[in-house]
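In case you want the letters, here they are:
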Amino acid sequence: MSRGFGLVVRHELRDETAAESFDKLVAETGPEIERLEPDTLAYVVHTVPTEPLVRVFYELYADRAAFDFHEKQAHTKRFLAEREQYLSGLAVTFLQAESGKGPLRK
């Protein structure tokens, strides 16, 4: 199995207005990731039913180089800069794939 590189990002939003604006920003960013980043294997945004002001991202990249490429894209830089105004908290956990079922399995 090829070792992928991933992360889980927990975004805590200030209030409902911030959540609406954040969701719009996500909706604008997602298509660019899909269109321009072939080695971004998964970029999934989750809501948390019991925490309406939380969004959890699961991101999976072919390798660290693919993540670094993602971070250099104009759409990613815009997202990272603009999201700050909507947040009350942020937690990032980096992941290294070791085993399992998924797109990295050979």
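**Observations regarding the pattern of salt bridges**
No. 1: Inspection of the entire model under this criterion finds nine salt bridges.
No. 2: We note a salt bridge from glutamate 28 to arginine 78, for which the minimum N-O separation is 2.7 Å. Highlighted residues: glutamate 28 in helix α1 (residues 16-36) and arginine 78 in helix α3 (residues 74-83), separated in sequence by 50 residues.
No. 3: In this structure glutamate 28 comes out as partly exposed when scored by relative accessible area, which is 34%.
No. 4: Via salt bridges that share partners, Arg10, Glu12 and Glu51 belong to a single interconnected network.

**Quick look at α3**
No. 1: When α3 is considered as a whole, its buried residues turn out to be His75, Thr76, Phe79 and Arg83. In an axial view of α3, the angular spread of the buried residues amounts to 100°, which keeps them on one side of the axis. Away from its buried face by more than 90 degrees, α3 exposes Ala74, Lys77 and Ala81.
No. 2: Of the surrounding secondary structure, the elements contacted by the buried residues of α3 are β1 (5-13), α1, β2 (40-48), β3 (51-61), α2 (64-72) and β4 (87-96).

**Overview of the packing of aromatic side chains**
No. 1: In total, this model carries eight aromatic pairs according to the counting rule given.
No. 2: Between phenylalanine 22 and phenylalanine 57 the ring centres are 6.1 Å apart and the planes differ by 50°, which places this aromatic pair in the tilted class. Residue phenylalanine 22 is found in helix α1, and its partner phenylalanine 57 is found in strand β3; the two are separated by 35 residues along the sequence. Phenylalanine 57 carries the same exposure label as phenylalanine 22, and that label is buried.
No. 3: Where tyrosine 61 meets phenylalanine 67, the ring centres are 5.4 Å apart and the plane angle is 70°; that geometry is what we call edge-to-face.
No. 4: Tyrosine 61 sits in the buried class, given a relative accessible area of 0%.
No. 5: Ring pairing ties together the aromatic residues Phe5, Tyr61, Phe67 and Phe94, which thus form one cluster.

**Looking at the nonpolar core**
No. 1: Grouped together as the largest cluster of nonpolar side chains are 17 residues, with contacts concentrated most on Leu7, Leu13, Phe22, Phe57, Tyr61, Phe79 and Tyr86.
No. 2: The set of elements that each furnish at least two residues to this core consists of β1, α1, β3 and α2.
No. 3: Ranked by the residues each element gives to this core, the list is headed by α1, at five residues.
No. 4: Leaving out residues up to four positions away in the same chain, leucine 13 has contacts with Ala19, Phe22, Leu53, Arg55, Tyr86, Leu87 and Ser88.

**Focus on the pairing of β2**
No. 1: The sheet contact formed by β2 and β3 spans eight bridges and is antiparallel. Note that in β3 the partner of threonine 47 across the bridge is arginine 55.
No. 2: The antiparallel hairpin formed by β2 and β3 contains two residues in its connecting segment.

The rules behind these values
- Residues numbered from 1 in each chain as written.
- Predicted model: local features only at pLDDT ≥ 70, side-chain atom pairs only at ≥ 80, totals over all residues.
- Heavy atoms only, no water.
- Salt bridge = Lys/Arg side-chain N within 4 Å of Asp/Glu carboxyl O.
- Helix = DSSP H or I, 4+ residues; strand = E, 2+ residues; numbered from the N terminus.
- Buried < 20%, exposed > 50% of the residue type's maximum accessible area, 1.4 Å probe, protein only.
- Arc of directions from axis to C-beta.
- Contact = heavy atoms within 4.5 Å.
- Phe/Tyr/Trp six-rings, centres within 6.5 Å; stacked < 30°, edge-to-face > 60°.
- Core = buried A, V, L, I, M, F, W, Y, C linked by side-chain atoms within 4.5 Å.
- Pairing = 2+ DSSP bridges.

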